[in-house]
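Each chain, letter by letter, is given below.
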Amino acid sequence: MESLSNKKKVLEQKPLNLAERLYLPAIGKGMAITFSHLFKKTATVRYPEVEREFSTNFRGMHSLKRDEQGRERCTACGLCALSCPAEAITMIAAERKNEEKHLYREEKYAATYEINMLRCIFCGLCEEACPKEAIYLDGPIVPADYLRKDFIYGKDKLVEAPLEMKK
């Protein structure tokens, strides 16, 4: 069958010498690459014995922050859940009672706040959308586990510990 462009490509094959037939140059190049890797710095970090350094803009596990009086900042506005592209955040809002004024800042608070860490893509949009600066991605690496239900983090894992009042 003739080509459509009528252009022919002529290949010239030169005969191989004895060293090339025994693959000596190829073996030499391969060994040179192998030996050069022996003296390079390893890319493997031996976790957990050695912890690697993270950049300043590292996004770790979520944390729900408290204000100066130790009250939760989250007002259950739902903007973090709306801005999440993976739909990993779910919350149920509730009204604050009079005896709970020391726990929550506003009249409305998140009775349940859950993040499915298997769905989360750590984009940081929830952090940017929050008008009360209640959620941050400043925690450690999300630990490994075996069960899917253990990756749904509630307020028990997300809310930071209250600050100790100084007297």
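Every value quoted in this text rests on a predicted model; they were computed, and no experiment measured them. (Residues numbered from 1 in each chain as written. Predicted model: local features only at pLDDT ≥ 70, side-chain atom pairs only at ≥ 80, totals over all residues. Heavy atoms only, no water.)

Following the UniProt record, the feature "binding site: [4Fe-4S] cluster 1" (unreviewed entry) maps to Cys74, Cys77, Cys80 and Cys130 here. In terms of the greatest pairwise C-alpha distance, the residues named above, spread along 57 residues, form a tight cluster of at most 10.2 Å across. Exposure remark for Cys74: the relative accessible area of 12% places this residue in the buried category. Apart from the residues within four sequence positions on either side, Cys74 is in contact with Lys108, Tyr109, Ala110, Tyr113 and Ala134. (UniProt positions renumbered as here; feature names shortened; annotations may be inferred. Buried < 20%, exposed > 50% of the residue type's maximum accessible area, 1.4 Å probe, protein only. Contact = heavy atoms within 4.5 Å.)

Read from one edge to the other, the open sheet built from three strands follows the order β2-β3-β5, with strand pairing classed as antiparallel. Looking at which strands have only one partner, the edges of the open sheet turn out to be β2 (89-95) and β5 (152-153). Inspection of the sheet shows strand β3 (residues 108-116) paired to β5 by two bridges, in the antiparallel sense. Paired with Asn116 across the two strands is Ile152, which belongs to β5. (Pairing = 2+ DSSP bridges. Helix = DSSP H or I, 4+ residues; strand = E, 2+ residues; numbered from the N terminus.)

Here the focus is the pairing of β3. Consecutive side chains along a regular strand alternate between the two faces of the sheet. Alignment of β2 against β3, held across seven bridges, turns out to be antiparallel. Paired with Ala93 across the strands is Ala110, a residue of β3.

Counting across every chain of the model gives two aromatic pairs. Here the aromatic rings of Phe54 and Phe58 are separated by 4.2 Å at their centres, their planes lie at 25 degrees, and the arrangement is stacked. Phe54 sits in the partly exposed class, given a relative accessible area of 34%. Pairing Tyr104 with Tyr109 gives two aromatic rings, centres 3.8 Å apart and planes at 10 degrees, and the pair type is stacked. Judged by relative accessible area, which is 8%, Tyr109 ranks as buried. (Phe/Tyr/Trp six-rings, centres within 6.5 Å; stacked < 30°, edge-to-face > 60°.)

To continue, consider the pattern of salt bridges. A full pass over the atoms with the stated rule returns seven salt bridges. With a closest N to O distance of 2.7 Å, Asp138 and Lys65 form a salt bridge. Residue Asp138 is found in the loop between β4 (135-136) and β5, and its partner Lys65 is found in the loop between β1 (63-64) and α3 (79-83); the two are separated by 73 residues along the sequence. With a relative accessible area of 16%, Lys65 lands in the buried category. Where Asp150 meets Lys149, a salt bridge forms, and the shortest distance between an N and an O atom there is 3.5 Å. The partly exposed category is assigned to Asp150, whose relative accessible area is 23%. What makes Lys149 exposed here is its relative accessible area of 60%. Because the salt bridges share partners, they merge into one network encompassing Lys65, Asp138 and Glu160. (Salt bridge = Lys/Arg side-chain N within 4 Å of Asp/Glu carboxyl O.)

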